[in-house]
Amino acid sequence: MPGRKREYDEDDVRIRPGRSSRPRTRLRPKHDDAVDALVITVDRGRYGCVREDTADTEVITAMRARELGRKSVVVGDRVALVGDVSGAPGALARIVRVGERTSVLRRTADDDDTTPEGRLERVVVANADQLVIVSALADPPPRTGFIDRCLVAAYDADVEPLLCLTKADLAGPEQVLGYYAELDLPYVLVRPGSDLAEVRERLAGRISVLVGHSGVGKSTLVNRLVPEALRAVGAVSAIGKGRHTSTSAVALRLPPVGRSRKDPGWIVDTPGIRSFGLAHVSAESLLHGFPDLVEGTLEDQPNCGHTASDADCRLDAWVAEGHADPRRLASYRRLLSSRAGDLDQRDTPADGA
């Protein structure tokens, strides 16, 4: 009949079926059969890994498992692998776990955290025990500004620093060592063809990151420590079908010395690092790289920034009394100013630091 309302019953109701009858769960596989390994190179989504529990140097190519989410994987990470861990050509394993890091060495492209470069924080390497700062004594001259930056980054990451002074046949170390006299900074001297026994002893049993400016002899030192370095770099470079460029880092296992069963250690070559931006380090933490100035800051007011513009800062008078090297105070204040965006920080030679 026209105008009469239609009556509905249950046959008119359409129910959309569920997408899946399988219950959702947050449980993840335990991967009890996973193999422990160390990440030695990272290249465009492919990770070169080696097992630390064997003498086998076969590089295992791996990719990140989806279950890791956004968790980063960097050189030095200790990971768990499943899948094909044979290291055979074309084989691909999966990284299913990343171990807790004992240290994280970071850097930024800028000192000022208000700039895009300063906000872009990069992890250089994980689980490093030692930062080896390679500096030539001549040709090019030592840059204490760069060394100071590395020391700040090392102390902030809770990594021990080691100063490696190369080209000791061209100049003596007195000037540089005098600049760091109050720090009791460990150091080694390297000459062309000299015995590297002391260097190897300080590297043994550790993961050591090597940093240095171009021309200081870092590559020569790496090739002397690891005679197969060029071949090893070539092998891991093929992992991401790229090459070992100036922006990549690679970990190299040091060869055993004689019949010693002691772990010779690892070195991480970082050819892409020319300087350490310190935007990730707070202004207060910058002082960790200048322990020789800490006592002088204790006489200041709690809110003192220790800059040259702080009229009541006691550091100037304290240093003038002979408690610390004036060049160290100047370097510290340059870093403070650079972090505040007041100037463009430039590393300076030892005699101008």
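Residues numbered from 1 in each chain as written. Predicted model: local features only at pLDDT ≥ 70, side-chain atom pairs only at ≥ 80, totals over all residues. Heavy atoms only, no water.

## A word on the nonpolar core
The criterion, for reference: The definition of a nonpolar core used throughout is a set of buried Ala, Val, Leu, Ile, Met, Phe, Trp, Tyr and Cys residues joined through side-chain atoms within 4.5 Å. Exposure classes here rest on a 1.4 Å probe applied to the protein chains alone. A residue is buried below 20% of its type maximum, exposed above 50%, and partly exposed in between. Under the DSSP-based scheme used, a helix requires at least four consecutive residues in state H or I and a strand at least two consecutive residues in state E, with every element numbered from the N terminus. Only heavy atoms matter for contacts: two residues are in contact if any of them lie within 4.5 Å across the pair.
Formed by 53 residues in total, the largest nonpolar core has its most connected members in Leu105, Leu131, Ile133, Leu293 and Tyr332. Sorting elements by how many residues they give to this core places helix α2 (residues 144-156) first, with seven residues. Residues contacting leucine 131, with those up to four places away along its chain left out, are Leu105, Cys150, Ala154, Val159, Glu160, Pro161, Leu162, Val209 and Val211. Of all hydrophobic cores here, the second largest spans 21 residues; its members include Ala136, Leu162, Cys164 and Leu210.

## Overview of α2
So the rule is basically this: Take the number of residues in a helix, subtract one, and multiply by 1.5 Å to get its expected span.
The end-to-end C-alpha distance of α2, which contains 13 residues, comes to 18 Å, matching closely the 18 Å that a straight helix rising 1.5 Å per residue would cover. Buried residues dominate α2, accounting for eleven of its 13 residues. Burial in α2 covers these residues: Thr144, Gly145, Phe146, Ile147, Asp148, Arg149, Cys150, Leu151, Val152, Ala153 and Ala154. The elements touched by buried residues of α2 are β6 (104-108), β8 (130-136), β9 (160-166), α3 (174-179), β11 (207-211) and α9 (326-339). Just past α2, the residue aspartate 158 takes up positive phi, approximately 60°.

## Thoughts on helix α5 (residues 218-225)
Formally: This arc corresponds to the set of directions leading from the helix axis out to the C-beta atoms.
Turning to α5, its buried residues are Lys218, Leu221, Val222 and Leu225. Along α5, the residues classed as buried sweep out an arc of 100° about the axis, all on the same side.

## Details of the packing of aromatic side chains
Let me state the cut-off plainly: Within 6.5 Å between ring centres, the rings of Phe, Tyr and Trp (the latter by its six-membered ring) count as paired, and their orientation is classed by plane angle as stacked under 30 degrees, edge-to-face over 60, tilted in between.
Applying the stated rule across the entire model yields two aromatic pairs. Each ring, one from tyrosine 179 and one from tyrosine 180, has its centre 4.6 Å from the other, and the planes form 90°; the classification is edge-to-face. Here phenylalanine 290 and tyrosine 332 contribute two aromatic rings whose centre-to-centre distance is 5.3 Å and whose plane-to-plane angle is 50°, an arrangement assigned as tilted. Of this pair, phenylalanine 290 sits in the loop between β13 (266-269) and α7 (294-297) while tyrosine 332 sits in helix α9, and the two are 42 residues apart along the sequence. When sorted by exposure, phenylalanine 290 lands in the same class as tyrosine 332, which is buried.

## So, the side chain of glutamine 130
With respect to the element layout, glutamine 130 can be found in strand β8. Judged by its relative accessible area of 3%, glutamine 130 falls in the buried class. Dropping the residues within four chain positions of it, glutamine 130 is found in contact with Val159, Glu160, Leu162, Arg202, Leu203, Arg206, Ile207, Ser208 and Val209.

## What to know about the pairing of strand β2 (residues 46-50)
Condition: Strand pairing follows a simple DSSP-based rule, namely that at least 2 bridges must link the two strands.
For β2, a buried count of four out of five residues is recorded, marking the element as mostly surrounded by other parts of the structure. Between the end of strand β1 (residues 35-43) and the start of β2, which pair antiparallel, lie two residues, with arginine 44 showing a positive phi angle near 50°.

## A short note on the confidence of the model for the protein chain
This is how it is decided: What pLDDT conveys is the predictor's confidence in a given residue, as a value from 0 to 100.
On average, residues of the protein chain score 84 in pLDDT, and 81% of them reach the 70 mark or higher. The least confident element of the protein chain, judged by mean pLDDT, is helix α6 (residues 229-237) at 50; the most confident is β9 at 98. Of the regions scoring below 50 in pLDDT, residues 231-247 engages in 34 contacts with residues more than four places distant in sequence or in other chains. Low pLDDT (under 50) marks residues 344-349, which in the prediction has 20 contacts with non-local residues, meaning those over four places away or in another chain.

## Details of the pattern of salt bridges
We apply this condition: We define a salt bridge as a contact between a side-chain nitrogen of Lys or Arg and a carboxyl oxygen of Asp or Glu at a distance within 4 Å.
Summed over the entire model, instances satisfying the criterion amount to 13 salt bridges. Residue arginine 78 is joined to glutamate 52 by a salt bridge in which the shortest nitrogen-to-oxygen separation is 2.9 Å. Pair noted here: arginine 78 is in strand β4 (residues 78-83) and glutamate 52 is in the loop between β2 and β3 (60-64), with a separation of 26 residues, a long-range link. You can call arginine 78 partly exposed: its relative accessible area is 35%. A salt bridge links arginine 328 to aspartate 148, with the shortest nitrogen-to-oxygen separation between them at 2.9 Å. One end of the pair, arginine 328, is in helix α9; the other, aspartate 148, is in helix α2, with 180 residues separating them in the sequence. You can call aspartate 148 buried: its relative accessible area is 0%. One connected set of salt bridges, linked through shared partners, spans Asp148, Asp292 and Arg328.

## Digging into the environment of alanine 157
The residue alanine 157 is located in the loop between α2 and β9 in this model. Under the relative-accessibility criterion, alanine 157 is labelled buried at 9%. Residues alanine 157 and leucine 131 lie 26 residues apart in sequence; the distance between their C-alpha atoms is 9.9 Å. Once residues within four sequence positions are removed from consideration, alanine 157 is found in contact with Ser103, Val104 and Leu105.

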